[in-house]
Every structure is written in structure tokens, then in C-alpha cells.
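Topology and contacts: notes
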Amino acid sequence: QVQVVESGGGLVQAGGSLRLSCTIAGLTLDPYGMAWFRQPPGKEREGVACITWRNGNAYYADSVKGRFTISRDIAENKLYLQMSSLRPVDTAMYYCSAVLGCQTWRPLDQHWGQGAQVTVSS
């Protein structure tokens, strides 16, 4: 039922910056969180950053703390991930998803969007 569209991926040099966007439809977001996940080559999908829609409290995986910033635009129903100081290990397909709570990382459903490919060159 939840509809998401990711955009903003691309190729960037190590140390550079990139901003991902996620457009959300089909869900009242206030009770939930919205999270960014990523899946690097040969690895499982992992939670990267999460924000509570109601209060804007943000949570981050240790691997991206201090480098990534998650934000939301309530009026536009958009989710953003500002990535800086990018490293080759950040290379992955990035997805957004609604979650039950930001400290559970449990998606509401498995209706993933097409994702946004982020490739960081050295």
C-alpha cells in the first residue's frame, strides 16, 4: 500500500557529497518512522538512518554517524538523506521505507521502491 520513489543517486568521488530524496504516498506517516536502508554488494540490507515523522528525532547506524544527516519535509511528504565525506564502502543500493519505530528498524511492509544506486569511487 505504501508507495515510495527514491531519487538522487549517482557516482561521486571519495570525500564528496550526495543527497538522496524519497517521495512517499499512500500512508499517514505521523505514527511511524521513515528510514533509509542500504544493501552493499554481497551483503544484507541494513538500516542506515531513521527519523520519527511526528517529532523529527533522528537515529543513525554507527557506520554513518557524523557523515550522514536524515531529514523530512512534512508538507511535501518527502524524506532526504544528505551524505558527506563519502567512502567507497558506502557504495550500495539505497532504499527508503516506513518503519514501526526507529529503534526497531522493522519495515511496515516489503513494498520496496526501485532504490537509488550510490557509487563512490576512490
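Above this text is the structure in question.
Now for a quick tour of the structure. Quick caveat, the model's predicted, so the values are computed rather than measured.

A word on the sheet that holds strand β2 (residues 10-13). Taken in spatial order, the six strands of this open sheet run β2-β10-β9-β4-β5-β6, and their pairing is mixed. The strands lining the two open edges of the sheet, one partner per strand, are β2 and β6 (58-60). Averaged over all pairs of adjacent strands, the angle between their axes in this sheet comes to 25°, without regard to strand direction. Across three bridges, strand β5 (residues 46-52) lies against β6 in antiparallel orientation.

Next up on the list: the pairing of strand β4 (residues 33-39). Within β4, six of the seven residues are buried, which leaves it mostly tucked inside the rest of the structure. Connecting the antiparallel pair β4 and β5 is a turn made up of six residues, with Gly42 showing a positive phi of about 75°. In terms of strand pairing, β4 meets strand β9 (residues 92-99) through seven bridges, oriented antiparallel. Looking across to β9, one finds that Arg38 is bridged to Tyr94.

A few words on the environment of Leu108. Among the secondary structure elements, Leu108 is positioned in the loop between β9 and β10 (116-121). Note: C-alpha distance between Leu108 and Glu46 (62 residues apart in sequence) is 15 Å. Excluding residues within four positions of it along the chain, Leu108 makes contact with Leu27, Tyr32, Ala98, Val99 and Leu100.

Rules used in this analysis
- Residues numbered from 1 in each chain as written.
- Predicted model: local features only at pLDDT ≥ 70, side-chain atom pairs only at ≥ 80, totals over all residues.
- Heavy atoms only, no water.
- Pairing = 2+ DSSP bridges.
- Helix = DSSP H or I, 4+ residues; strand = E, 2+ residues; numbered from the N terminus.
- Axes fitted to C-alpha atoms, helices over the stretch in contact; angles between N-to-C directions.
- Buried < 20%, exposed > 50% of the residue type's maximum accessible area, 1.4 Å probe, protein only.
- Contact = heavy atoms within 4.5 Å.

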